[in-house]
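# Architecture at a glance
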Amino acid sequence: MTTSTDPTPPNPEDLICAKCDTPLRIGKVLASYMGQTFPVDLPLCPTCGFVYVSEDLAEGRMLKVEQALEDK
Amino acid sequence: MDSDHVRTLEARCVEEHPPACQNACPLHVDARGMLGKIGTGDVAGAFALYARVVPFPAIIGHICDHPCETVCRRGEAGGPVRIAAVERTLVEEAYPSPRPTARRQTKPRRIAIVGAGLSGLTAAADLARKGHRVTVFEADAHPLERLRHDYPEDRLPPSAIAVDLGALDSLGVVIQCRTRITGGSGPRGLETLIDTHDAVVLALGPGVAQDFAPTIHLADNGRIAIDSQSRATSHPKVFGGGFHGALGENYSPIGSVRDGRRAATSIDRFLQGASLTATDAREEAEGSCLYVNITSHAPVPPTEPSNPKAGYTLDEAMAEADRCFPCHCLECTKACAFLSHYRTYPKRAVREIHNNLSIIMGNRKANRMIDSCTLCGLCETVCPTDLAMGDVCLQARQEMVASGHMPASHHDFALRDMADSRSERSAFARHQPGFDQSTLVFFPGCQLAASSPGHVERLYAHLRDRMKGGIGLMVDCCGAPAHWAGQTDLHGEVRAHLHRTWTSLGEPEIVTACASCLSMFRAHMPEIPVRSLWPLLTEIGWPKGAGQGSAGKTLAIHDPCVGRHETEVQRAVRTLARGFDVTLEEISSPELTTCCGFGGLVSFANPEVANAIVDQRAAERSEDYLTYCAMCRDNFARRGKRATHLLDLAFPPTDGSDPAARPDPGFSGRRDSRTRLRIHLLRDIWEEDMTDPEPAWTVIIPDAIRAEMERKLILVDEVTAVIAAAETSGQKIKDAKTGHVIATLRTGPVTTWVEYENTAEGALVHRAYGHRMTVEVPS
Ligand SMILES: [Zn+2]
């Protein structure tokens, strides 16, 4: 058991949808905010469509787009 | 915010007013800017500033009678900056001066100037630069004859005169010496001059002008009658330089230059058919005054030149230039970490905010700046004209909300927290048990309830013990977050709800423990009688045994920003603390206290600025701080400054722990406290049937992750909800390498992600983050 924070982010290649027991694959996804929609490629479960957003993406590129849209 | 209002606000900020030296200079030389450049050794830049305005820099640099020094504000702190001496070194260092160039004029006019003194030659230079054909007629053998007689060569070197006359020559000005202009219509007569030229300047210097009497009017003293501003005479084509005022006035070289310049400006207007009396912006600024706080500058004596006859060396001139403060107001910018973070001052900020609000398409770059003001009122307190940036920012926020342009992420979390504190999880109101009315109602405020619920219980018990007639309790939110966020409608809802609750309690007087609540009631619900808890406590005293263990402490007292003008409360708090034999130190005067970063919701919209504000305040004194606002205390604690609440002194922790070391409870801790306080009070005092909330899931969050969650505004409840949903539905991701589980849940406007590990003790959290965008696979 790890008791401290784990600085290494998960590697998308190691991720498996627990419900479908299927490895995630990169697929086409729509990201939306404030009425604007952008196509992006993200890891997702090919069976049930569960999309994975990494911390890196959420606090990096996504945050930038959110803030830019909020200031329009 | 209409443009008229914006202009009124801008006009009240004096920062862009010219400094006293520039104001006093007949040519408005930017002495402050020039000294600043010399101070850094930028001789070329300094000379460029000087020569842009001064027509004969080499000459004036040696003989200027420097009215600037008389008004220099450094005079009140060691002696005026010796600007003229610095200028002399400057022009000597900057030789040879750059040659001025004349503008190409499509229709050059012929101008005659009578008299080759400083005034006449200034008019000649100015008009030649504009491209006109200028001829100067001088009775003496040389131009500037008077200067050659009046000043010894070590004061005004002939080389300086030669350089400046050379520049005049390169402008194409023709000087005819030994040519005396007489009255009448002879070949050298004034009438002839007027007939053969488009305009004439009479720059005669001292002496009477009887010869010209038939052509132009003379004043009683025998001189030509000249309008002192426009330099117009009775003849429309003739303008006067040179005399500068009545007989007996002291000779001023810089005054002569100004008169020549005014004549040239008027001729230019006359030739274009424009009004002579139209004043330019510079003249309008005359008499304006830049506020300068002299007391903040230690006296420094003037630099003495090692060789007084030679004047300053460049090093000496740089040292003297460094004595320039320089004059600025910036009283608010110096006091406010928000304004200094944005390196701005009200005049500029107001314009920027107005422009931001006016944007139809494009980026609203000032949104975050508008949301970074704590609305604390310090700027208007230190401003010489009481300009309140908080009012401007608040109005801007209200307009942003109304027009749908307020960025949701700035205040969303704070408003959801307010909603929680107003919800039935936390809020309630009751008469004292056994009473069907209240003479007073205690309003502890959501932050005291959240930070130290035990103190609310103790205080309420104490008030019930000492006060007669039924003391009600109203645990609720005053609506400050809605007001600060510019949410006018939501704030109206909060007020309506508070009014209804107050009415249902029989309209009793409200006693607040929180300075924000006090000010919100006072400003927005004037129908409700309200008073502060602290003066009341000086009347009724503390419970027996209060304040044990506090004696002998030395604490520096921090007043909350919303209470900067509440002198009665400030006095009461000091009396109460001293009653525990605590030695108090003042950080600043209470009126000049700063915000803790919570005001105006800045800690949500701009944590960087909020932290700068609280850190700046925390650094002011080394002692532990004493506060009487729960939010101030927690913010100091969050930034590592030891701080004690007055109630910590009165009711110290029973476990003997150090109250000044009590950590910031954080947003999740605050919510839990509010919920638990309601359950405790209703169960223990009103004997209502309350059940403790069942923990939905056992979640273990290491301290480092908890701190990250606090920074990212993610609540423990949200993390727990993600885990509970994932474990219930089975919708989750597994990391094959680490065995960690990754799950997500959309709660309100935010999607929360949690990476955790199922252990025997519960779910151990490794990571939590969120985003506002939504993602979905296209259908
Ligand atoms: Zn799946």
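Residues numbered from 1 in each chain as written. Chains lettered and ligands numbered in written order. Predicted model: local features only at pLDDT ≥ 70, side-chain atom pairs only at ≥ 80, totals over all residues. Heavy atoms only, no water.

The next point concerns the overall build of chain A. Counting secondary structure elements, chain A contains 2 helices and 4 strands. Counting from the amino terminus, helix and strand elements in chain A follow one another as β-β-β-β-α-α. For chain A, the C-alpha radius of gyration of 15 Å lies well beyond 11 Å, the compact-globule estimate for 72 residues. Considered along the principal axes of its C-alpha atoms, chain A spans approximately 45 × 35 × 15 Å. The long-range share in chain A, meaning contacts at least 24 apart out of those at least 6 apart in sequence, stands at 28%. (Helix = DSSP H or I, 4+ residues; strand = E, 2+ residues; numbered from the N terminus. Rg over C-alpha atoms; globule rule 2.2 N^0.38 Å. Contact = heavy atoms within 4.5 Å.)

To continue, consider the side chain of Arg670(B). Residue and element names in this part refer to chain B. By the secondary structure assignment, Arg670 is in helix α33 (residues 666–684). You can call Arg670 buried: its relative accessible area is 4%. With sequence-adjacent residues up to four places away left out, Arg670 is seen in contact with Gln447, Ala450, Met631, Asp634, Asp664 and Pro665. (Buried < 20%, exposed > 50% of the residue type's maximum accessible area, 1.4 Å probe, protein only.)

What follows covers the interface of chain B and chain A. Contact residues are listed per partner, giving 45 residues for chain B and 44 residues for chain A. Between chain B and chain A lies a buried interface of about 3,800 Å² when both sides are counted; carbon and sulfur atoms form 57% of it. Here Arg767(B) ties to Glu55(A) by a salt bridge, and the two come within 2.8 Å at their closest N and O atoms. Here chain B is connected to chain A by 19 residue pairs in polar contact (both at pLDDT 80 or more). Elements represented by at least two residues in the side of chain B that touches chain A include exactly α18 (367–370), α21 (408–422), α34 (703–711), β16 (733–735), β17 (741–747), β18 (750–758), β19 (763–771) and β20 (774–776) of chain B. Among the elements that take part in the side of chain B that touches chain A, β19(B) stands out by supplying 7 residues, more than any other. Residues that form the side of chain B that touches chain A fall into these classes: 16 nonpolar, 16 polar and 13 charged. Sheet topology note: the strand β3 (residues 25–33) of chain A/β20(B) ladder contains 3 bridges and is antiparallel. Of the residues in β20(B), the one forming a bridge with Ala31(A) is Val775(B). (Buried area = accessible area lost by both parts, 1.4 Å probe. Salt bridge = Lys/Arg side-chain N within 4 Å of Asp/Glu carboxyl O. Polar contact = N/O pair within 3.5 Å; in protein donor to acceptor, adjacent residues only side chain to side chain. Nonpolar A, V, L, I, M, F, W, Y, C, P; charged D, E, K, R; others polar. Pairing = 2+ DSSP bridges.)

Another aspect to go through is empty space enclosed by the protein. Residues and elements named next belong to chain B. Applying the stated rule across the entire model yields 7 cavities of 30 Å³ or more. Looking at the largest cavity, its volume works out to about 180 Å³. Contributing to the lining of the largest cavity are 18 residues, with Cys336, Ala337, Thr374, Cys376 and Leu378 lying nearest its centre. Of all the elements in the fold, those that place two or more residues in the lining of the largest cavity are α16 (337–341), α19 (378–382), α20 (389–402) and α30 (607–618). (1 Å grid on protein atoms, 1.4 Å probe; cavity = no way out; pocket = protein on both sides within 12 Å on 5 of 7 lines; lining within 4 Å. Points joined across faces, edges and corners; volume = space filled by probe spheres on them.)

What follows concerns the pairing of β17(B). Residue and element names in this part refer to chain B. Relative to β17, β16 is paired through 2 bridges, and the arrangement is antiparallel. Residue pairing for β17: Lys734 is matched across the bridge by Val741. In this structure, the hairpin formed by β16 and β17 is closed by a connection of 5 residues, where Gly739 is found at a positive phi of approximately 80°. Bridging between β17 and β18 involves 7 bridges; their strand directions are antiparallel. Counterpart to Thr747 in the pairing with β18 is Val750. The antiparallel hairpin formed by β17 and β18 contains 2 residues in its connecting segment, where Gly748 sits at a positive phi of about 65°.

Coordination angles at a metal have ideal targets, namely 109.5 degrees for four tetrahedral donors and 90 or 180 degrees for six octahedral donors. All names here are of chain A. Bound to the zinc ion are the protein donor atoms Cys17 (SG), Cys20 (SG), Cys45 (SG) and Cys48 (SG), situated 2.2 to 2.3 Å from the metal. Here the zinc ion is ringed by 4 donor atoms whose angles at the metal span 107 to 112°, and the overall shape comes out tetrahedral. Read N to C, the donor residues that coordinate the zinc ion are spaced as C-x2-C-x24-C-x2-C. (Donors = N, O, S within 2.8 Å, 3.2 Å for Na, K, Ca; no water. Tetrahedral: all angles 85-135°; square planar, octahedral: opposite > 155°, others 65-115°.)

Right, let's get into the side chain of Thr179(B). All names here are of chain B. Counting through the fold element by element, Thr179 comes out in the loop between β3 (174–176) and α11 (190–196). The buried category is assigned to Thr179, whose relative accessible area is 10%. A distance of 2.8 Å separates a polar side-chain atom of Thr179 from the backbone oxygen of Cys177. Apart from the residues lying within four places of it in its own chain, the contact partners of Thr179 are Phe137, Glu138, Ala139 and Arg188.

Residues and elements named next belong to chain B. Here we have 4 strands laid out as an open sheet, ordered β12-β11-β13-β14, and parallel in their pairing. Lying at the two open borders of the sheet, with one neighbouring strand each, are β12 (583–586) and β14 (643–645). Ignoring which end each strand starts from, the neighbouring axes of this sheet average 40° apart. Pairing geometry for strand β11 (residues 554–557) and strand β13 (residues 624–627), over 3 bridges, is parallel. Across the sheet, residue Ile557 finds its bridge partner in β13, namely Leu626. (Axes fitted to C-alpha atoms, helices over the stretch in contact; angles between N-to-C directions.)

Our next topic: the pairing of strand β4 (residues 199–202) of chain B. Residues and elements named next belong to chain B. Residue alternation in β4 divides its side chains into two sets, Ala199 and Val201 and Val200 and Leu202, and both sets are buried. Sheet analysis places strand β1 (residues 110–114) next to β4, joined by 4 bridges and oriented parallel. If you follow Ile113 over to β4, its bridge partner there is Val201. Pairing geometry for β4 and strand β5 (residues 238–240), over 3 bridges, is parallel. When the sheet's bridge partners are listed, Val201 is paired in β5 with Phe239.

Turning next to the domain arrangement of chain B. For chain B, the domain assignment lists domain 1 (20–96 + 291–321), domain 2 (110–271), domain 3 (331–406), domain 4 (417–541 + 668–674), domain 5 (554–662) and domain 6 (699–771). Placing a centre on the C-alpha atoms of domain 1 of chain B and another on those of domain 5 of chain B gives a separation of 46 Å. (Domains from an automatic or database assignment.)

All names here are of chain B. This structure, assessed with the given rule, holds 17 aromatic pairs over all chains. Here the aromatic rings of Phe338 and Tyr342 are separated by 5.8 Å at their centres, their planes lie at 75°, and the arrangement is edge-to-face. A relative accessible area of 25% means that Tyr342 is categorised as partly exposed. Measuring from centroid to centroid gives 6.0 Å for Phe428 and Trp686, while their planes differ by 80°, and the two rings are edge-to-face. In this pair, Phe428 is assigned in strand β6 (residues 428–430) and Trp686 in the loop between α33 and β15 (699–700), connecting sequence segments 258 residues apart. Judged by relative accessible area, Phe428 falls into the buried class, the value being 7%. (Phe/Tyr/Trp six-rings, centres within 6.5 Å; stacked < 30°, edge-to-face > 60°.)

All names here are of chain B. Positionally, Ala31 belongs in helix α3 (residues 31–39). For Ala31, a relative accessible area of 3% corresponds to the buried category. Between the C-alpha atoms of Ala31 and Asp371, which are 340 residues apart in sequence, the distance is 37 Å.

All names here are of chain B. Scanning the model with the defined rule gives 49 salt bridges over all chains in all. Across the salt bridge formed by Arg639 and Asp615, the nearest N and O atoms sit 2.8 Å from each other. Here Arg639, found in the loop between α31 (630–638) and β14, pairs with Asp615, found in helix α30; they are 24 residues apart in sequence, far enough to count as distant. Arg642 serves as the salt-bridge partner of Asp624, at 3.0 Å between the closest nitrogen and oxygen.

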